[in-house]
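What follows is each chain in one-letter form.
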Amino acid sequence: MTQNDTEARLAELEIQVALQNDLLDSLNDTVARLQQALDLQQAQLRLLYGRLQEKDGGVANQPFNPATEIPPHY
């Protein structure tokens, strides 16, 4: 193997490492954005669950009664 072949292989490896680092940074940013979205959705779900509990009077063991679920336009 000649000196030029070794330098070419080393340059190729450096390029691959640079591309992999760029991809890793991109994936890290994507995961961070997904975590923020998940945190927001969980907070919204907790808020909705709390409002549902307030609406039902905090009693979760009541049987489902369709008559109490009539839409307001009826």
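Residues numbered from 1 in each chain as written. Predicted model: local features only at pLDDT ≥ 70, side-chain atom pairs only at ≥ 80, totals over all residues. Heavy atoms only, no water.

Caption draft 1: Structural detail: the overall build of the protein. In terms of regular secondary structure, the protein is built from 1 helix and 0 strands. A globule of 74 residues ought to have a C-alpha radius of gyration of about 11 Å, yet the protein, at 28 Å, is considerably larger. Taken along its principal axes, the extent of the C-alpha atoms in the protein is 85 × 25 × 20 Å. The proportion of buried residues among the 74 residues of the protein is 0%. Accessible surface, the protein as shown: approximately 7,100 Å² in total, 59% of it carbon and sulfur. Distance between charge centres in the protein, computed from 5 positive and 11 negative side chains, equals 14 Å. (Helix = DSSP H or I, 4+ residues; strand = E, 2+ residues; numbered from the N terminus. Rg over C-alpha atoms; globule rule 2.2 N^0.38 Å. Buried < 20%, exposed > 50% of the residue type's maximum accessible area, 1.4 Å probe, protein only. Areas by Shrake-Rupley, 256 points an atom, 1.4 Å probe, with all protein chains shown as cover. Lys, Arg positive; Asp, Glu negative; His and termini not counted. Charge placed at Lys NZ, Arg CZ, Asp CG, Glu CD.)

Caption draft 2: Geometry of the environment of D56. Among the structural elements, D56 can be located in the segment after helix 1 (3-55). Each C-alpha atom of the pair D56 and A8 lies 71 Å from the other, and the pair is 48 residues apart in sequence.

Any functional reading would require information beyond the geometric quantities listed.
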